[in-house]
Amino acid sequence: MSTKRGMLLLISLCIIASCSLTVQAGYLLEEQPYLHNSVIAVAQVLNNGSDQIISGLGDEVRVYDQDQLVATITGFAGNVTAIAAGDLTGDFRPEILIGTDNFNFYAYQNIQGIWRQTMEKRYLWSAVADLKVVDITGDGWGDVVVRTERGEAFIYLNWGGELDLFWRSQPNTNVRYVCVGDLDGAGGAEVVYAYNSGYVGTLGWVDGQLELLWQNYPWGTIDSVFIAQFQSGELPELVVVTGQNIFYAWKYAGGNLTTVRHFPVEFDGRVIKFIPQLGIVNMSGRTGLTTYAVGSSALRPIDFLPLFNVRDLVAVDDGFLIQETDGTYYRLHQVDPDEIEIVYHKKTLTGSLDVKLHNGRMFLDLDGLASLLGLIRFGSQRIFLISGLNYMVINPSEGMVAWRNTVLPLMENVLVEDRKFYLPLSLLPVLGYETEYDYGAHRLKIERSWGWWW
């Protein structure tokens, strides 16, 4: 992302775990402006071995591959409220499903490079809140599970490429969560649905019928429901977290779902999900993002990320996308600050400019930067940068920078560490320099664009 007379927003994190995250490493978040305020899904819809990001905003859906726009889908009614992808035709090529606030969902197939609507739209009496494609019957054709904003759930079974409504939740039951997964390892997926009031039910395909296989009434409101495989090679578990701060987990044994975990747990924040690469993730506006490993009688905190406005965290290829509560998306990058290459006027610097990652931002050693730019600096309460008869004053205590009669606010303040000063990267445009950071190569380029000392 290039910063030209603007601010380069970078956020560093400390993580420890295999996906993983070590205390010594830093993390940067690269803003993804093309996804702002979008509804997204991640799937390999192009069958090229990598994930694509499917982004819906307004009455348009876009498909991105390696951050490049490769397809646009239009022609449906309403604004996008949900997206999913899966094989509806049995040809091992995923279709894209689009749910809208016009009470419909649509299916689109990639035909000779063009995404075309292939099935009749379905009307649902309320805006679509969630879509899932999964093989319930085990015949290789994807079925569709839908939840609406009104709290209704629907299951459409796929018969040779035709979706038929096969099950609908009872009126006024307010289904809050729906999740899908092969709980018994038999090849077809089970559908789990939960009411906010404290009910969880599981539906499965048995002898040509969709049957209620199991139900439970956990104590308290249902705050989270997900299916998680905690150990490779073992059957997944159905996990429920309640408003009474109780963690439940059930697992198939002897042909039935049986309790395998039941213990108290306190989450600060109610956005809880399972991500295979990280474990159980809790997103809180007060304590940030915390990951946990699950034990037989307790959860063990594994990692903490100082991100306090996270709405969702989504795995993409070997990394993650983070969505903040204001609709902004970032791509997470693991970075060792000692390995960041700095190129100034096309010349690579070696050891002359120290880089710090602090509280989500990139900072450059003030003394090294001043020497690089040919400036003289002195002062600590107020920092003077001098070139000939011209000078600029940085006042950290008042959060401003001044040149002659022009006063500008500091978007980020100066960092002091071990009695050394570090300037935020976002200040370089004020000094007359453009910066561009290559997240793949971990390379920072600095080029002069203008200068107050000229």
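Everything here concerns the structure above.
Residues numbered from 1 in each chain as written. Predicted model: local features only at pLDDT ≥ 70, side-chain atom pairs only at ≥ 80, totals over all residues. Heavy atoms only, no water.

Here's the deal with the sheet that holds strand 3 (residues 39–43)
Right, on to step 1. Taken in spatial order, the four strands make up an open sheet running 3-4-5-6, and their pairing is antiparallel. The sheet terminates laterally at strand 3 and strand 6 (68–73), the two strands that pair on one side only. Adjacent strand axes in the sheet meet at a mean angle of 25 degrees, parallel and antiparallel pairs treated alike.
Right, on to step 2. Across six bridges, strand 4 (residues 52–57) lies against strand 5 (residues 60–65) in antiparallel orientation. Opposite Leu57, over in strand 5, you have Glu60 as the bridge partner. (Pairing = 2+ DSSP bridges. Helix = DSSP H or I, 4+ residues; strand = E, 2+ residues; numbered from the N terminus. Axes fitted to C-alpha atoms, helices over the stretch in contact; angles between N-to-C directions.)

A short note on the layout of surface pockets
Right, on to step 1. Approximately 2000 Å³ is the volume found for the largest pocket.
Right, on to step 2. Lining of the largest pocket is provided by 42 residues; of these, Asp130, Lys132, Lys273, Asp312 and Val314 occupy positions nearest its centre. (1 Å grid on protein atoms, 1.4 Å probe; cavity = no way out; pocket = protein on both sides within 12 Å on 5 of 7 lines; lining within 4 Å. Points joined across faces, edges and corners; volume = space filled by probe spheres on them.)

Thoughts on the nonpolar core
Right, on to step 1. Formed by 34 residues in total, the largest nonpolar core has its most connected members in Met362, Leu364, Ile394 and Leu444.
Right, on to step 2. When residues in this core are grouped by element, the largest group, four residues, is from helix 1 (residues 366–373).
Right, on to step 3. Within the second largest apolar cluster, 17 residues are counted, among which are Tyr177, Leu238, Val240 and Tyr252. (Core = buried A, V, L, I, M, F, W, Y, C linked by side-chain atoms within 4.5 Å. Buried < 20%, exposed > 50% of the residue type's maximum accessible area, 1.4 Å probe, protein only.)

What about the sheet that holds strand 39 (residues 406–409)?
One key point about sheets: their strands pair by backbone hydrogen bonds, in either a parallel or an antiparallel sense.
Right, on to step 1. A sheet is described by the order of its strands in space; here five strands give the open sequence 35-36-37-38-39, paired in antiparallel fashion. Whereas interior strands pair on both sides, the edge strands pair on one side only; in this sheet they are strand 35 (376–378) and strand 39. When strand polarity is set aside, the average angle formed by the axes of neighbouring strands in this sheet is 20 degrees.
Right, on to step 2. Here strand 37 (residues 390–395) runs beside strand 38 (residues 400–403); their pairing, made up of three bridges, is antiparallel. Residue pairing in the sheet places Ile394 in a bridge with Val401 of strand 38.

Digging into the side chain of Asn282
Right, on to step 1. In this structure, Asn282 sits in strand 25 (residues 279–284).
Right, on to step 2. Judged by relative accessible area, Asn282 falls into the buried class, the value being 2%.
Right, on to step 3. One polar contact links the side chain of Asn282 to the main-chain carbonyl oxygen of Asp268, over a distance of 3.1 Å.
Right, on to step 4. Apart from the residues lying within four places of it in its own chain, the contact partners of Asn282 are Phe267, Asp268, Gly269, Val271, Ile272, Gly288, Leu289, Thr290 and Tyr292. (Polar contact = N/O pair within 3.5 Å; in protein donor to acceptor, adjacent residues only side chain to side chain. Contact = heavy atoms within 4.5 Å.)

Examining the packing of aromatic side chains
Right, on to step 1. A complete count under the given rule lists 26 aromatic pairs for this structure.
Right, on to step 2. Cluster of aromatic residues (ring-pair linked, three or more members): Trp167, Tyr193, Tyr195, Tyr199 and Tyr217.
Right, on to step 3. Just above the ring of Trp125 sits the side chain of Arg168; from NZ or CZ to the centre is 4.7 Å. (Phe/Tyr/Trp six-rings, centres within 6.5 Å; stacked < 30°, edge-to-face > 60°. Lys NZ or Arg CZ within 6 Å of the ring centre and 35° of its normal.)

A short note on the pattern of salt bridges
Right, on to step 1. For the structure on display, the rule yields 16 salt bridges.
Right, on to step 2. Between Arg261 and Glu237 there is a salt bridge, and its shortest N-O distance comes to 2.8 Å. Placement of the pair is Arg261 in strand 23 (residues 256–264) and Glu237 in strand 21 (residues 237–242), with a sequence separation of 24 residues. Residues Arg261 and Glu237 agree in their burial class; the two are buried. (Salt bridge = Lys/Arg side-chain N within 4 Å of Asp/Glu carboxyl O.)

Thoughts on helix 1
Right, on to step 1. Among all positions of helix 1, only Leu366, Gly368, Leu369, Ala370 and Leu373 are buried.
Right, on to step 2. Measuring from the side-chain oxygen of the N-cap residue of helix 1 to the backbone nitrogen of Asp367 gives 3.3 Å; that N-cap residue is Asp365.
Right, on to step 3. A positive phi of about 75 degrees marks Gly374, the residue just after helix 1.

Quick look at the environment of Gly113
Right, on to step 1. Within the fold, Gly113 resides in the loop between strand 9 (104–111) and strand 10 (114–117).
Right, on to step 2. Note on Gly113: relative accessible area 57%, which makes it exposed.
Right, on to step 3. Spatially, the C-alpha atoms of Gly113 and Ser296 are 49 Å apart, while their sequence positions differ by 183 residues.

Section: the environment of Glu339
Right, on to step 1. On the secondary structure map, Glu339 appears in the loop between strand 30 (329–335) and strand 31 (341–344).
Right, on to step 2. Among the residues examined, Glu339 registers a relative accessible area of 58% and is labelled exposed.

Things to note about the side chain of Ser224
Right, on to step 1. Structurally, Ser224 is set in strand 20 (residues 222–228).
Right, on to step 2. Judged by its relative accessible area of 2%, Ser224 is buried.
Right, on to step 3. Excluding its chain neighbours within four sequence positions, the residues that come into contact with Ser224 are Tyr177, Val239, Val240, Val241 and Ile272.

A short note on the pairing of strand 6
Right, on to step 1. The pairing of strand 5 with strand 6 spans five bridges and is antiparallel. Across the sheet, the residue bridging to Arg62 is Thr72, located in strand 6.
Right, on to step 2. The antiparallel pairing of strand 5 with strand 6 creates a hairpin that spans two residues between the two strands, and Gln66 there sits at a positive phi of about 55 degrees.

Some remarks on the pairing of strand 18 (residues 199–206)
Right, on to step 1. In terms of burial, strand 18 is largely enclosed, as six of its eight residues are buried.
Right, on to step 2. Pairing of strand 17 (residues 190–195) with strand 18, which is carried by five bridges, proceeds in the antiparallel orientation. Within strand 18, the position partnered with Tyr193 by the bridge is Gly201.
Right, on to step 3. Inspection of the sheet shows strand 18 paired to strand 19 (residues 209–216) by seven bridges, in the antiparallel sense.

What about unusual backbone geometry?
Right, on to step 1. In this structure, Phe92 is a non-glycine residue whose phi angle is positive, near 65 degrees.
Right, on to step 2. Inspection of the secondary structure assignment puts Phe92 in the loop between strand 7 (80–86) and strand 8 (95–100).
Right, on to step 3. Accessibility expressed as a relative area gives 73% for Phe92, which makes it exposed.
Right, on to step 4. Even without glycine at this site, Asp317 takes up a positive phi of about 50 degrees.
Right, on to step 5. Among the secondary structure elements, Asp317 is positioned in the loop between strand 28 (310–316) and strand 29 (319–324).

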